[in-house]
Structure formats: structure tokens, C-alpha cells
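Residues per chain, in single letters:
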Amino acid sequence: SMGIDDRPVVGTLEGVDAEILVVLKPAVVLHQPPATGSDPVLVGLRDRLGFTLVGDRLDGVDDLIRLLDEVERLGLASPERLRERRESISRIGAMAAGVDDPLAVLLHSIEPLGVAGRDTFLGELADAAGLRNAAGAGGWREWSIETLLSSQPDVVVLFTAGGSIDRARNQLKMIEWPRPPLQVIITNPDAFEPSTRMPRVLADLRSALGDAGVEVAPAAIEEVGRER
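Residues numbered from 1 in each chain as written. Predicted model: local features only at pLDDT ≥ 70, side-chain atom pairs only at ≥ 80, totals over all residues. Heavy atoms only, no water.

**Student:** Whenever I open this one, the overall build of the chain confuses me. Can you help?
**Tutor:** When helices and strands are counted, the chain shows eight helices and twelve strands. Whereas a compact globule of 228 residues would reach a radius of gyration of roughly 17 Å, the chain reaches 19 Å, a difference of no more than 12%. With respect to the principal axes defined by its C-alpha atoms, the chain has extents near 60 × 40 × 25 Å. The burial tally for the chain puts 41% of its 228 residues in the buried class. As displayed, the chain has an accessible area near 12200 Å², and 50% of this comes from carbon and sulfur atoms. In the chain, which carries 24 positive and 36 negative side-chain charges, the distance between the mean positions of the two groups comes to 3 Å. (Helix = DSSP H or I, 4+ residues; strand = E, 2+ residues; numbered from the N terminus. Rg over C-alpha atoms; globule rule 2.2 N^0.38 Å. Buried < 20%, exposed > 50% of the residue type's maximum accessible area, 1.4 Å probe, protein only. Areas by Shrake-Rupley, 256 points an atom, 1.4 Å probe, with all protein chains shown as cover. Lys, Arg positive; Asp, Glu negative; His and termini not counted. Charge placed at Lys NZ, Arg CZ, Asp CG, Glu CD.)

**Student:** Would you explain helix α4 (residues 79-93) in this entry?
**Tutor:** Given 3.6 residues to a turn, an α-helix orients residues that are three or four positions apart in the same direction. In a regular helix each residue adds 1.5 Å, so 15 residues correspond to 21 Å; α4 covers 21 Å between its end C-alpha atoms and thus fits that length. What α4 keeps buried is the set L82, R85, R86, S88, I89, I92 and G93. End-on view of α4: buried residues confined to an arc of 165 degrees, all on one side of the axis. Exposed and oriented more than 90 degrees from the buried face of α4 are E80 and E84. For α4, the secondary structure elements touched by its buried residues are α3 (61-73), β5 (95-96), α5 (121-128) and α8 (198-211). (Expected span 1.5 Å × (residues − 1). Arc of directions from axis to C-beta. Contact = heavy atoms within 4.5 Å.)

Below, the structure written as C-alpha cells:
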């Protein structure tokens, strides 16, 4: 997901293509291990081929910046290119919604109801877009329909990797809201893992909020010296 200098892709979160790695004989492999840890096949290939294995779980802005620092240390991309990406991502991490901004629920699935708290990359994006997170601090969680309805959000944002937007809208319509919130659907596939494309997802989110009539400031509050 880094797109650094168009280096070849040799796998996904689901697994690595061992044949390509053997042919390429890389010096460095960047990877994002799943929650269960690094793929044993990849670790075995590292031991066999002798490449450097770099990367860790990416959960948000701070992790991305650390990875960019490592990419620069290894000389995998130009400092100028990395500086631009680091600055654009750092700006997201330095933004926060105001106390009067719309209250939002961030859904990454409906069956079951998957909700993103503030301490997730979706939470960081929403914060930067000027949305107060109804889930508060914390990470990924599963809510009951009762919890969702009792949160009484001004807006619901549903992130979906693709497929039918009409199906997503129908899923949201099936929820019997006592006070229907404004509804926003984000179909950008890059919204499902933190990467240097986060600014693009943020632009999509801001645009979709405007199209749905959600009143947010042109840019969220930037807190100077905010500790993350």
C-alpha cells in the first residue's frame, strides 16, 4: 500500500507469492503482518533468501510515520517524496473536531455492526474531517442495534470496499432510527487499511459529507503541539 517508487508487490495481508520473491531476490521486503503475526512462509523465505524484512502493524498516523522513517533510513525512496507524504499524514494526525461539530458513528460493516472508535485510522480521518466520534476513545468494536440507536448521531458514515452502493443504502434504510441521521457512504477501497493514501480518503470523506448536507468546517481544528 506504500506505492514507494513503484516497487513490485509480492503479496497481500492474506499471504505472500513465494515464486515471485524467489525470482526477484529482493534486498528489502516491506510488509504489514496481520494480528496473528508475520506469515511463517515469509519469515522462512527471509531466512532462505537473506532479505531484510521491515514493517509492523499499521493502525494509524503514528505507525505510518514510523514506517516512512524506516523507508527513508533504508534509502528506498527520495527524501523529498517521503517528506511530502510525511507532512500530509502528520496534518491529519494534528487535526481534531470541535465540541460543536456533528456527532458521527463510523461503520465499517453492518452485519454485524462494526464501529470505529477514535483510536483507529478511520477515527483519525473522521476527526480530521470535523466529526465528533460517538464511539469515543478506543479501537474497533461491535455494537448492538440498541447501542447504535441510543447514540443518536447527527450523521452515520458507512465505509465499504466497493460493491453496490444501492445495497449499502438499503442496509442503512433497514435501521429504524427514532431520529434519522444524515447518511454518508464511502466506497474508497483505501479506507480499509491505513496507508499514505489517507489524505485521498479524507478528501473523499469531506466531499461526501458536503454532498450529504453535513455542515462541517472547511478544515478541522489543527492543534499545535498536540501529543499523540
